[in-house]
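Here is what each chain is made of, one letter per residue.
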Protein chains: 2
Amino acid sequence: MRLATRNNGTPDGELLVVSSDGLRCLSAAPQWTDLLSAIAQWDAAEPHLLALADRLEQGGGEAFDPASLRAPLPRSWQWLDGSAFATHAELMQVAFGTDPISHERPLMYQGLSDRFLGPREDAAFLREEDGIDFEGEFGVVVDAVPIGTSAAEAMAHIRLVVQINDWSLRAHAVPEMNTGFGFILAKPACSMAPFAVRPDDLDDGWREGRVCLDLEIDWNGERFGSANGREMAFGFHELVAHAATTRDLVAGTIIGSGTVANRDHAQVGSSCISERRAIEIIAGGKPATGFMHFGDRLRMEAVDARGARPFGAIEQAVVRREPAGSAQRPR
Amino acid sequence: MRLATRNNGTPDGELLVVSSDGLRCLSAAPQWTDLLSAIAQWDAAEPHLLALADRLEQGGGEAFDPASLRAPLPRSWQWLDGSAFATHAELMQVAFGTDPISHERPLMYQGLSDRFLGPREDAAFLREEDGIDFEGEFGVVVDAVPIGTSAAEAMAHIRLVVQINDWSLRAHAVPEMNTGFGFILAKPACSMAPFAVRPDDLDDGWREGRVCLDLEIDWNGERFGSANGREMAFGFHELVAHAATTRDLVAGTIIGSGTVANRDHAQVGSSCISERRAIEIIAGGKPATGFMHFGDRLRMEAVDARGARPFGAIEQAVVRREPAGSAQRPR
């Protein structure tokens, strides 16, 4: 089953079930108007959504227009992004010149969750000098998770899986890490691929709480990376349990894997520019690849061993954003 | 004008206007059902709410029951907590044994915003060993703030002021700061005092983007501190502008001052236990005051120079929370 969210002018959008061939869809309204409210009552919502999926496979539904899509969750109450790929963490220490971080427990920060960009929405930033970078990753959406939930118990709370581009502004990252307070300026809104799916919908692409798919990333039409999600040092269930150590997790909480990275990056490439720069520093003493420019295009799509692409593609342009009040100022 | 939120069984509660004597109230429904939706359209909501306040001053309204109160904002899309009191930051470096942090720009982390506890709601934690501490602070609620808004422009976006207890679990603070990723385990849900007020409602208690009131804190009935909010190194307008450097701030974003602290802490005391412990370390080489125990009570209420108490009091007990699944386990 593939779930998407259509723009209907409301903040949360309209929940759709999309056919497996991606050609037709059915709205889940009026019973389930949006995904954020459906995930809060998932045991009631899921059978209804599955029944719509059945109708679609029998030829029902209307034509599906990918251009109308927003993020599956256009906003949520909580976004907790991990950094669970050890290869990524090690390379970022080279890129940032920071001290090694203990890997005894998961790295995690709370990020902006009031807006997730749609899969074809422009990513707008004020300044190229902020060091515009992408981060290809996977995420899970949980229902309500009580405080103190164990990793084993957490697995059943993972209701949906999504694919995310965690936009990052690298010029702000090290100063913010040095405060110990985490990222505000360095982490603007993320983007999401078109479809949210259940873990079981990934078949053997979901193993031990990990999304074992290749994340193909193209920057201005050239392949940049195709790292696989299987090498997480902590599974998503362990990230969920970590997040719930001292707090109840509200239904709709999204937990991110951090940038997908593999030990054999020489073969598969990287899922963010900073990592490639670190590899260049290790190889030649200095980085050769610059960050993104206005007008650049980015494409991200995960593919499984059989060639299926369950999340669809993020296809975005980086554009210049005018600052507040600039429309009133003489140009 | 004083705004409060009554428990009506909905996630966001029911918006109330409360009389200046605190005895009567009027519901803002059906026009404005809750504060989160009102703040998103504040220019339309404010005149309606002021008209209700006028009716109350003329003797209208129903009896006000403080026991029914939730936080003025029981949840919001974003909570960005600063650490704007230099005295607090310096003492916390002693308490935590961490390196000095640059004060060139504000310290800020993104915290849990899907739940704010009401002023009389118990604060429930799993373990005393986590180092249960309070942090008395002030916060502001903004309407939609565009990216790149200057500090001068940000002042007009500050629509409401609130008083907050930022509950902290100190055993997790240093390990999380050392990652550079900020606080997840160390920062469970905050509590809010009963009333949100407009900056102008504070009269000369609101100066240069600062809440110049004494924050009286009593722990188990003994005065712990009464530090004044005026010594912020950055005003709230500067914190708002900082937060909006690379992101649009969604309407309802709450920005916190961090723990209120004064240079003359020997006279006024502190607004969190960790600070007192740091003062003890400086004076005698080791901390003497322990963190909170289950059953402890905490009271926080800000008072202005004329004795007015615009936010009302937080009055809470710390209680033991059973972990997930414990109800099903044999005891």
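Just above sits the structure.
This section reports on the structure supplied with the text. (Residues numbered from 1 in each chain as written. Chains lettered and ligands numbered in written order. Predicted model: local features only at pLDDT ≥ 70, side-chain atom pairs only at ≥ 80, totals over all residues. Heavy atoms only, no water.)

**Remarks on the nonpolar core**
Stated precisely, the cut-off is as follows: What makes a nonpolar core is a set of buried Ala, Val, Leu, Ile, Met, Phe, Trp, Tyr and Cys residues whose side-chain atoms join them at distances within 4.5 Å. For each residue, the accessible area found with a 1.4 Å probe, counting protein chains only, is set against the maximum for its type, and the residue is called buried under 20%, exposed over 50%, and partly exposed in between. Contact criterion: two residues are considered in contact whenever any of their non-hydrogen atoms come within 4.5 Å of each other.
In terms of nonpolar packing, the biggest core is built from 84 residues, with Leu3(A), Leu49(A), Leu3(B) and Leu49(B) touching the most fellow members. Those residues in contact with Leu49(B) that sit more than four places away from it in its chain are Met1(B), Leu3(B), Leu15(B), Val17(B), Ala28(B) and Trp42(B).

**Considering helix 8 (residues 273–284) of chain A**
All names here are of chain A. To keep it simple, the criterion reads: The helix and strand labels rest on DSSP assignments: H or I over at least four residues marks a helix, E over at least two residues marks a strand, and numbering proceeds from the N terminus. Expected helix span is given by 1.5 Å per residue-to-residue step, counting one fewer step than there are residues.
Along its 12 residues, helix 8 runs 16 Å from first to last C-alpha, staying within 8% of the 16 Å computed at 1.5 Å per residue. Next to the buried residues of helix 8 lie helix 3 (86–96), strand 9 (132–133), strand 17 (214–219) and strand 18 (222–228). The first or second residue beyond helix 8 is glycine 285, which carries a positive phi of 90°.

**Regarding the packing of helix 3 of chain A against helix 8 of chain A**
Residue and element names in this part refer to chain A. Condition: For helices, the axis comes from a line fit to the C-alpha atoms of the stretch in contact; other axes are also lines fit to C-alpha atoms, and the angle between any two N-to-C directions lies between 0 and 180 degrees. Comment on the angle field: the value is read as roughly parallel under 35 degrees, roughly antiparallel over 145, roughly perpendicular from 65 to 115, and oblique elsewhere. Handedness of a crossing is defined here by the sense of rotation of the near helix relative to the far one, left-handed for an anticlockwise turn of less than a right angle and right-handed for a clockwise turn. Residues are grouped as follows: Ala, Val, Leu, Ile, Met, Phe, Trp, Tyr, Cys and Pro are nonpolar; Asp, Glu, Lys and Arg are charged; every other residue, Gly included, is polar.
Following both chains from N to C, one finds helix 3 and helix 8 inclined at 70°, their axes separated by 8 Å at the closest point. Considering their axes alone, helix 3 and helix 8 lie roughly perpendicular with respect to each other. Note that helix 3 runs across helix 8; the crossing there is left-handed. Of the residues in helix 8, those in contact with His88, Leu91, Met92, Val94, Ala95 and Phe96 of helix 3 are Ser274, Glu275, Ala278, Ile279, Ile281 and Ile282. Among the residues making up the contact of helix 3 with helix 8, the classes are represented as nine nonpolar, two polar and one charged.

**What about the sheet that holds strand 8 (residues 123–125) of chain A?**
Residues and elements named next belong to chain A. Formally: Strand pairing is defined by DSSP finding a minimum of two bridges between the two strands.
Read across the sheet, five strands follow the order 8-21-20-17-18 without closing on themselves; strand pairing throughout is mixed. Each edge of the open sheet is held by one strand with a lone partner, namely strand 8 and strand 18. The sheet shows a mean angle of 20° between the axes of neighbouring strands, direction not considered. One ladder, built from three bridges, connects strand 8 with strand 21 (residues 314–320); its direction is parallel. Residue pairing in the sheet places alanine 123 in a bridge with valine 318 of strand 21.

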